[in-house]
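Single-letter residue listing:
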Amino acid sequence: MLKQLETIYTNALNELDTITDSDTLTIWFRQHLGKKGEITLALRSTADLPKEERAAFGQRANVIKNDLTAQYEAREDLIRQQELARNLEEGAIDVTLPGRRIPTGGLHPATQTLREIYAIWADMGFQVFRSRDVEDDDTNFTLLNIPPHHPARDMWDTFHVATPGVILRTHTSPGQIRAMHAYGENGTKPVRVILPGMCYRYEQISARSEIQFNQVEGLAVGHNIRMTDLKGTLAEFARRLFGADKRVRFRGSYFPFTEPSIEVDVECILCEGQGCPVCKYTGWLEIAGAGMVHPVVLQNGGYDPTQWSGFAFGLGPERSTMLKHGIKDIRYFWGNDLRFLEQF
Ligand code: FA5
């Protein structure tokens with residue numbers, strides 16, 4: 001019996017020596033020292049031995065049990081330390097790795113262009129005047145020298161509302177009248193403003209036209225303001241927005257509220273004037289309508305047109321953004337597709 005016990009003891013010690021993980025160690029404990037473990041059962045069987053053997057066997061079994069328990073605890077300690085060291089090594093954080101980007105929002109491409117436009121005009125002494133989106137028919141048309149039934153009203157397809165005479169502005173030009181009254185002090189003070197904002201037209205939506213789009217109107221009223229001032233100012237603006245090397249040209253045009261009227265083209269950004277589908281093979285892109293403020297409009301703004309003169313222009317920021325980035329369809333702007341928006 002005692003011999004058997006010694007064999008169990010030796011084997012248990014040998015086995016314990018080879019164990020390197022806590023799962024195997026738990027199994028070892030159950031096999032030897034657990035409730036039904038070999039040593040526990042051996043101790044329990046002491047009572048069945050002949051009387052004269054009991055004391056010696058019991059004593060030895062207890063010594064073995066205590067030693068195995070101590071060895072087990074020492075092993076357990078060792079394994080725990082080894083596992084901790086391994087975990088630290090495997091789970092180590094490499095602080096030299098580049099971090100993961102946190103997704104952030106950004107400014108809409110049209111807003112970015114608008115801000116660039118504000119900065120350029122602010123630099124040239126123009127302040128921002130915010131006029132209203134909901135206009136009256138008089139200010140949007142009549143006071144701009146477009147009386148009712150004038151054929152030029154067809155140039156702007158209008159959204160009317162249920163209240164007669166109330167419309168959504170079709171362009172930012174009615175803001176000219178409001179700015180002249182706000183700053184002109186009954187036609188006695190000069191004005192130099194830009195008027196940005198949404199415009200609305202009941203149009204067929206296409207790659208170039210939306211029913212809702214931004215315009216930036218510009219207005220300068222003072223003494224001795226001439227066509228050359230308008231041309232120089234717009235050419236400087238176009239160079240700053242599109243690049244100093246870009247050529248600018250002016251074409252005669254017609255707007256009822258300016259006389260003379262022009263349209264402003266910049267050399268096509270994509271083909272550099274060679275001709276491509278975006279510029280319809282002309283080599284030029286239109287960026288604004290402009291002209292000298294019509295005497296009737298000056299009068300409607302409170303000025304004496306024999307003493308005062310002025311220039312005005314109207315830019316389309318979405319179209320300018322399309323030109324800058326080679327965007328082929330205006331519908332991307334309000335489509336809210338992140339794949340488009342995240343490129344800017
Ligand atoms: C006008 O609206 C005039 N009020 C501009 C003006 C102001 C002339 C002051 C003289 C003096 P026009 O309809 O061409 O003009 O529009 C001006 C610009 O707005 C266009 O060059 C274009 O960039 C933009 N625009 C016009 N319609 C749309 C549309 N449906 N979608 C997007 N942009 C548009």
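Another aspect to go through is the domain arrangement of the chain. Segmenting the chain into domains produces domain 1 (2–90) and domain 2 (109–341). On a C-alpha basis, the centres of domain 1 and domain 2 stand 93 Å from each other.

So, on to the environment of methionine 155. Here methionine 155 shows up in the loop between α6 (137–140) and β3 (166–168). Separated by 100 residues in the primary sequence, methionine 155 and phenylalanine 255 have C-alpha atoms spaced 9.4 Å apart. Residues within four places of methionine 155 in sequence aside, it is in contact with Arg201, Tyr254 and Phe255.

Turning next to the pairing of strand β4 (residues 191–200). Across the 10 residues of β4, nine count as buried, placing the element largely inside the fold. The pairing of strand β1 (residues 127–128) with β4 spans two bridges and is parallel. Bridging across to β4, glutamine 127 finds its partner in valine 193. Inspection of the sheet shows β4 paired to strand β5 (residues 212–222) by 10 bridges, in the antiparallel sense. Bridge assignment links tyrosine 200 to a residue of β5, and that residue is glutamine 212.

Let us now look at unusual backbone geometry. In this model, glutamate 259 is joined to proline 260 through a cis peptide bond whose omega is -5°. Secondary-structure assignment places proline 260 in strand β7 (residues 258–267). Positive phi, close to 70°, is recorded for histidine 149, a residue that is not glycine. Structurally, histidine 149 can be placed in the loop between α6 and β3. With phi around 55°, asparagine 336 is a residue other than glycine that occupies positive phi space. The class for asparagine 336 is exposed, based on a relative accessible area of 61%.

So, about the site of the ligand. As a structural note, the neighbourhood of the ligand is formed by 24 residues, with His171, Ser173, Arg201, Glu203 and Glu210 the closest of them. Here histidine 171 contributes a side-chain N or O atom positioned 2.9 Å from a nitrogen atom of the ligand. For the ligand, the accessible surface in isolation is 670 Å², of which the surrounding protein chains cover 95%. Looking at the shell around the ligand, the elements that each hand over two or more residues are β5, β8 (284–293) and β9 (309–315). When the residues that make up the shell around the ligand are grouped by side-chain class, the tally is eight nonpolar, nine polar and seven charged.

With that out of the way, let us pick up the nonpolar core. Trp121, Phe237, Phe242, Ile287, Phe311, Phe313 and Leu315 are the most contacted members of the largest nonpolar core, which has 34 residues in total. Of all the elements in the fold, those that place two or more residues in this core are α5 (109–123), β5, α8 (227–242), β7, β8 and β9. At six residues, the largest contribution of residues to this core is made by α8. Leaving out residues up to four positions away in the same chain, leucine 315 has contacts with Ile117, Trp121, Asn214, Gln215, Val216, Phe237, Ile287 and Ala288. Residues Met180, Val221, Val297 and Ala312 belong to the second largest nonpolar core, which totals 23 residues.

Here seven bridges tie strand β6 (residues 248–255) to β7, and the two strands are oriented antiparallel to one another. Paired with phenylalanine 255 across the bridge in β7 is threonine 258. The loop that links β6 with its antiparallel partner β7 comprises two residues.

Locating lysine 65 in the fold gives a position in helix α4 (residues 51–90). What makes lysine 65 partly exposed here is its relative accessible area of 33%. In this structure, the C-alpha to C-alpha distance between lysine 65 and alanine 42, residues 23 residues apart in sequence, is 10.0 Å. In this view, lysine 65 contacts Leu33, Ile39 and Leu43; residues no more than four positions away in its chain are not counted.

In space, the seven strands of this open sheet follow the order β1-β4-β5-β9-β8-β7-β6, with mixed pairing throughout. In the strand order of this sheet, the two ends are held by β1 and β6, each with one partner. Of the strands in this sheet, β1, β4, β5 and β9 are in contact with α5, which crosses β4 at around 165°. Set on the sheet, α8 makes contact with β6, β7, β8 and β9; between it and β8 the angle comes to about 150°.

We now examine the packing of aromatic side chains. Applying the stated rule across the entire model yields 15 aromatic pairs. Taking the centre distance of 4.7 Å and the plane angle of 45° together, the rings of phenylalanine 29 and tyrosine 72 count as tilted. Of this pair, phenylalanine 29 sits in helix α2 (residues 22–32) while tyrosine 72 sits in helix α4, and the two are 43 residues apart along the sequence. Judged by relative accessible area, which is 30%, phenylalanine 29 ranks as partly exposed. Classification of tyrosine 72 by relative accessible area gives buried; the value is 13%. Ring geometry for tryptophan 121 and phenylalanine 237: centres 5.0 Å apart, planes at 20°, overall stacked. Here phenylalanine 237 lies in helix α8 and tryptophan 121 lies in helix α5, a separation of 116 residues in the sequence.

Conventions we followed
- Residues numbered from 1 in each chain as written.
- Predicted model: local features only at pLDDT ≥ 70, side-chain atom pairs only at ≥ 80, totals over all residues.
- Heavy atoms only, no water.
- Domains from an automatic or database assignment.
- Helix = DSSP H or I, 4+ residues; strand = E, 2+ residues; numbered from the N terminus.
- Contact = heavy atoms within 4.5 Å.
- Buried < 20%, exposed > 50% of the residue type's maximum accessible area, 1.4 Å probe, protein only.
- Pairing = 2+ DSSP bridges.
- Near = heavy atom within 4 Å.
- Polar contact = N/O pair within 3.5 Å; in protein donor to acceptor, adjacent residues only side chain to side chain.
- Areas by Shrake-Rupley, 256 points an atom, 1.4 Å probe, with all protein chains shown as cover.
- Nonpolar A, V, L, I, M, F, W, Y, C, P; charged D, E, K, R; others polar.
- Core = buried A, V, L, I, M, F, W, Y, C linked by side-chain atoms within 4.5 Å.
- Axes fitted to C-alpha atoms, helices over the stretch in contact; angles between N-to-C directions.
- Phe/Tyr/Trp six-rings, centres within 6.5 Å; stacked < 30°, edge-to-face > 60°.

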